[in-house]
Amino acid sequence: MVQVPDSLLWELTKKNTSFMKKVNGQTKRSGCIKFSTEKGNVKCLSKAAYSGLANSKTADIIVTDDNQAHLVKKTKKSHQFPALGHAVTHIKKDFRRAENVIQKQVIDNFHRPDLKDALMGKYAKVYEGNRRAKGIKKTVPVKKGRGNSNTN
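Residues numbered from 1 in each chain as written. Predicted model: local features only at pLDDT ≥ 70, side-chain atom pairs only at ≥ 80, totals over all residues. Heavy atoms only, no water.

What follows covers the environment of Val-126. Relative to the helices and strands, Val-126 resides in helix α3 (residues 116-134). Exposure remark for Val-126: the relative accessible area of 10% places this residue in the buried category. Sequence separation between Val-126 and Lys-22 is 104 residues; the distance between their C-alpha atoms is 24 Å. When neighbours within four sequence positions are excluded, Val-126 is seen to be in contact with Ile-61, Val-63 and Ala-69. (Helix = DSSP H or I, 4+ residues; strand = E, 2+ residues; numbered from the N terminus. Buried < 20%, exposed > 50% of the residue type's maximum accessible area, 1.4 Å probe, protein only. Contact = heavy atoms within 4.5 Å.)

What follows concerns the packing of aromatic side chains. In the structure shown here, the tally under the stated rule is three aromatic pairs. Pairing Phe-95 with Tyr-123 gives two aromatic rings, centres 5.5 Å apart and planes at 20°, and the pair type is stacked. Separated by 28 residues along the polypeptide, Phe-95 in helix α2 (residues 95-107) and Tyr-123 in helix α3 bring together distant segments of the chain. Judged by its relative accessible area of 25%, Phe-95 falls in the partly exposed class. Judged by relative accessible area, Tyr-123 falls into the buried class, the value being 2%. Arranged with centres 5.9 Å apart and planes meeting at 35°, the rings of Tyr-123 and Tyr-127 form a pair that is tilted. (Phe/Tyr/Trp six-rings, centres within 6.5 Å; stacked < 30°, edge-to-face > 60°.)

In this structure, Ile-61, Ile-91, Ile-102, Val-106, Leu-119 and Tyr-123 are the most contacted members of the largest nonpolar core, which totals 17 residues. Sorting the residues of this core by element identifies β3 (59-63), β4 (69-74), α2 and α3 as the ones contributing at least two each. A per-element tally of this core places α3 first, with five residues. (Core = buried A, V, L, I, M, F, W, Y, C linked by side-chain atoms within 4.5 Å.)

Turning next to the pairing of β4. Burial analysis of β4 places six of its six residues in the buried class, the great majority of the element. Neither face of β4 is exposed, since Ala-69, Leu-71 and Lys-73 on one face and His-70, Val-72 and Lys-74 on the opposite face are all buried. Counting the residues that bridge the hairpin from β3 to β4 gives five residues, and of these Asn-67 lies at a positive phi of roughly 60°. (Pairing = 2+ DSSP bridges.)

A few words on the pattern of salt bridges. Scanning all chains against the criterion turns up five salt bridges. With its nearest N and O atoms 3.1 Å apart, the salt bridge here joins Glu-11 to Lys-14. Among the residues examined, Glu-11 registers a relative accessible area of 47% and is labelled partly exposed. Assessed through its relative accessible area of 28%, Lys-14 is described here as partly exposed. Notably, a salt bridge pairs Asp-60 with Lys-122, separated by 2.9 Å at the nearest N-O pair. Here Asp-60 is found in strand β3, whereas its partner Lys-122 is found in helix α3, with 62 residues between them in sequence. (Salt bridge = Lys/Arg side-chain N within 4 Å of Asp/Glu carboxyl O.)

Even without a glycine there, the phi angle at Cys-44 is positive, about 60°. Within the chain, Asn-67 stands out as a residue other than glycine whose phi angle is a positive 60°. With respect to the helices, strands and loops of the structure, Asn-67 is situated in the loop between β3 and β4. Relative accessible area serves as the criterion here: at 22%, Asn-67 is assigned to the partly exposed category.

Of the pockets and cavities examined, the second largest pocket occupies roughly 180 Å³. Asn-67, Gln-68, Ala-69, Ile-91, Lys-92, Lys-93, Tyr-123, Tyr-127, Asn-130, Arg-131, Lys-134 and Ile-136 together form the lining of the second largest pocket. The leading source of residues in the lining of the second largest pocket is α3, at five residues. Here the residues of the lining of the second largest pocket sort into five nonpolar, three polar and four charged. (1 Å grid on protein atoms, 1.4 Å probe; cavity = no way out; pocket = protein on both sides within 12 Å on 5 of 7 lines; lining within 4 Å. Points joined across faces, edges and corners; volume = space filled by probe spheres on them. Nonpolar A, V, L, I, M, F, W, Y, C, P; charged D, E, K, R; others polar.)

This is the structure in structure tokens:
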């Protein structure tokens, strides 16, 4: 497969791709929102900065079926061998140590330092959801009605 510059690839895929989900707004003023579900897109938005297809370096946090978090990075061989195109790092440590893993793997070695806030925010939500799924942290009760009417 031939290497293509990131900017050209974005221009070819920004309007339509199989990973794009378009959601129409409620009014004409709100317009259409475009989400993208490809591997490597941290915020799931269809923008050049977050695209997993159009960037040669990507990073993402994913959740597995057994409630584990994985850090996925695009490798240099992704254009030659698509099946070997992603390096997966299992994150099994506590929150502080896992943040250090993300910091060292993605930001400190100049892989994608611009995605620091997005990756840390996504990992915080994944970590909290995994703790609730494992039963370590209690789920948030759903509030019904305007208040407690059983007060005497």
